[in-house]
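# Chains, contacts and geometry: an overview
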Amino acid sequence: MTRTSDTTATGKPLVDLDVVDATLRAALDAGGEWAELFAEDRESTSVVFDEGRVEEMNSGRDRGVGIRVTAGDITGYAHTSDLSAKGLSDAARTAAAVAARQPHGGTVDMMRLGEASLAQPQVAVLPASVGAERKVALLRAADDAARSTYEAITQVTARYGESRRRIMVANTSGVCAADDQVRTLFSVGCVASGDGGLQTGRETVGYTVGWELFDDYHPAELAERAAQRAVTKLAARPAPSGEVPVVIACGGGGVLFHEACGHGLEADLVRKGASVFAGRVGSQVAAGGVTLVDDGTMGPEWGALVIDDEGHPTQRNELISDGVLTDYMWDWLRSRDEGRAPSGNGRRQSYTHLPMVRMTNTFVTNGDTDPADIIADTQSGVYVAHLGGGQVNTATGDFVFGMTEAYLIENGVITEPLREGNLIGNGPQVLADIDAIGNDFAMGSPGTCGKDGQGVPVGDGQPTLRVRALTVGGTAA
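Remember, it's a predicted structure, so these values are computed and weren't measured experimentally.

## Some thoughts on the pattern of salt bridges
In a structure, side chains of opposite charge can pair up when their charged atoms sit close to one another. Under the definition given, this model contains 31 salt bridges. The salt bridge involving Asp41 is made with Arg166; its shortest N-O contact spans 3.7 Å. Taken as a pair, Asp41 in strand β1 (residues 34-50) and Arg166 in strand β4 (residues 153-171) lie far apart in primary sequence, 125 residues in all. Given the relative accessible area of 2%, Asp41 is considered buried. One salt bridge connects Lys86 with Asp90, and the closest N-O pair in it is separated by 2.8 Å.

## A closer look at the packing of helix α1 (residues 17-29) against helix α2 (residues 85-99)
Closest axis-to-axis distance for the α1/α2 pair is 8 Å, and the angle between their directions is 25°. Between α1 and α2, the interaxial angle falls into the category roughly parallel. For the pair α1 and α2, the sense of crossing is right-handed. For the pair α1 and α2, contact is made by Val19, Thr23, Ala26 and Ala27 and by Ala85, Leu88, Ser89, Ala92, Arg93 and Ala96, respectively.

## Some points on the packing of aromatic side chains
In the structure shown here, the tally under the stated rule is nine aromatic pairs. Ring plane angle 85° and centroid distance 5.8 Å describe the contact between Phe186 and Phe214, whose orientation is recorded as edge-to-face. Here Phe186, found in strand β5 (residues 176-194), pairs with Phe214, found in helix α4 (residues 213-216); they are 28 residues apart in sequence, far enough to count as distant. The burial state of Phe186 is the same as that of Phe214; both residues are buried. Taking NZ or CZ as reference, Arg183 lies 5.8 Å from the ring centre of Trp302, over its face. Lying across the ring of Phe38, Arg348 places its NZ or CZ 4.0 Å from the centre.

## Structural notes on the packing of helix α3 (residues 132-149) against helix α5 (residues 219-234)
Relative to each other, α3 and α5 sit at 40°, their axes nearing to 8 Å. It follows that α3 is oblique to α5 by the angle criterion. In this structure, α3 meets α5 at a crossing whose hand is right-handed. Taking contact as the criterion, the partners of Leu138, Ala141, Ala142, Ala145, Ala146 and Thr149 in α3 are, on α5, Pro219, Ala220, Ala223, Glu224 and Ala227. Along the lines of polarity and charge, the residues of the contact of α3 with α5 split into nine nonpolar, one polar and one charged.

Rules used in this analysis
Numbers given for residues are sequential positions, taken from 1 along each chain in its written order. Reporting in this predicted model follows two pLDDT cut-offs: at least 70 for local features of residues, and 80 or more for side-chain atom pairs to be given and counted; totals over whole chains, interfaces and linings ignore these cut-offs and use all residues. As a convention, hydrogens and water are excluded, and side-chain values are obtained from all of the structure's heavy atoms. In what follows, salt bridge is the name for a side-chain nitrogen of Lys or Arg lying within 4 Å of a carboxyl oxygen of Asp or Glu. Runs of H or I in DSSP of at least four residues are treated as helices and runs of E of at least two as strands, each being numbered from the N terminus. Each residue is placed in one exposure class: buried if its accessible area under a 1.4 Å probe, protein chains only, is under 20% of its type's maximum, exposed if it is over 50%, and partly exposed if it falls in between. Angular values range over 0 to 180 degrees, each being the angle between N-to-C directions of two axes fitted as lines to C-alpha atoms, with helices fitted over their stretch in contact. In this scheme, roughly parallel covers angles under 35 degrees and roughly antiparallel covers those over 145, while 65 to 115 is roughly perpendicular and the rest are oblique. Definitions for this section: a left-handed crossing has its near helix turned counterclockwise from the far helix by less than a right angle. A right-handed crossing has that turn clockwise. Residues are treated as being in contact if the distance between any of their heavy atoms lies within 4.5 Å. In this scheme Phe, Tyr and Trp rings, the latter by its six-membered ring, pair at centre separations within 6.5 Å, and the angle between planes marks the pair as stacked below 30 degrees, edge-to-face above 60, and tilted otherwise. A positively charged side chain is recorded as over a ring if its NZ (Lys) or CZ (Arg) lies within 6 Å of the ring centre. The angle to the ring normal must also be within 35 degrees. In this classification, Asp, Glu, Lys and Arg are treated as charged, Ala, Val, Leu, Ile, Met, Phe, Trp, Tyr, Cys and Pro as nonpolar, and every other residue, Gly included, as polar.

Dropping the structure here:
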């Protein structure tokens, strides 16, 4: 099925254009200076297979509209699941009542849907068209593969998820656009039991594609890799403690740059003074050769979008170029105040939420060094294959991340696996301390970014790279 930019599956916009026009006019008539309608129709299904049986199977649909109205510096917001003309008009007047100083009326300059050319990738098979029994069969295959490969595997949890999100955005500045977003995900987690206690391994794959995901990724192979990670960690030694060189594998540490650097480059945090990068455009903030990009056009990655949740086309935004800070990420509100164009980074979790500045796919670009040479040139240190979750203070850049898969580097060779370790450091310092960048760029696992209580799908990645000194918080003496 071709994903179109202007209609629902029935060939009609989510909200009739005459109703959209009347709703926006109602907001202006009630005193708003600018108004926006955001409509959303979301369908999702998830299945959890645990201990050899289906533990959960959930499907849901949520449909509604959010109305945002501004007057000066004040914003009013209301949302409703009543998509009738009256329901939307009432929501518009409610939002305007919060924002407006006095009724003044205004004009609406509406573009018609379809005038904007927003080409999207194609989805060969909508996941919703595939029967539940085939989805359960994939989960069962993953469970069987993990258990049959390693006797030490004592628990397997496999998860399948699919979503289709159709949105429509129109505002009184003339924006009128829509998108149809399909995502499919598969995840396997394994627990291994041995003399070293219980250890876990996980493998996750997800893209903005349909059921054809499984033409390229086979659940049994994903499960075998997850099981191997868990079993390998049974023989792992406790991670060392102290400051050492750290080599981060391609695709395995993008979350570090997302959290420790990316959030600090979001214009709302910059304007609040909650970013260590505030006021530093044009300054050297990273080592030479380091280029950091946020790219919403990077299909079929997990954070790819044709338009953001304010109706603006996503784009490739180079934030740091050869070590120099060149720009921030912008939503409409912050870009309006600065007299510049938005960067396609206005995102929201759902129609019940206001948009804010958010990342899409954030990554460090390729260097020109063979990753094998980076490892060989590291006499001692830690090799991080995968980072887990962590915490960051965007005002200072200080962070802590768990290492879910890591190894010692001794005499330029990767040796023993490690466990129970964290990476502790500072985002700007990490950028400055990168002294080798590989030529093997890869994106990491799909993720959900949380900010101010909202979660949105994002991607991140990087080539193999080395940080000359990072603190490893381990348990070994």
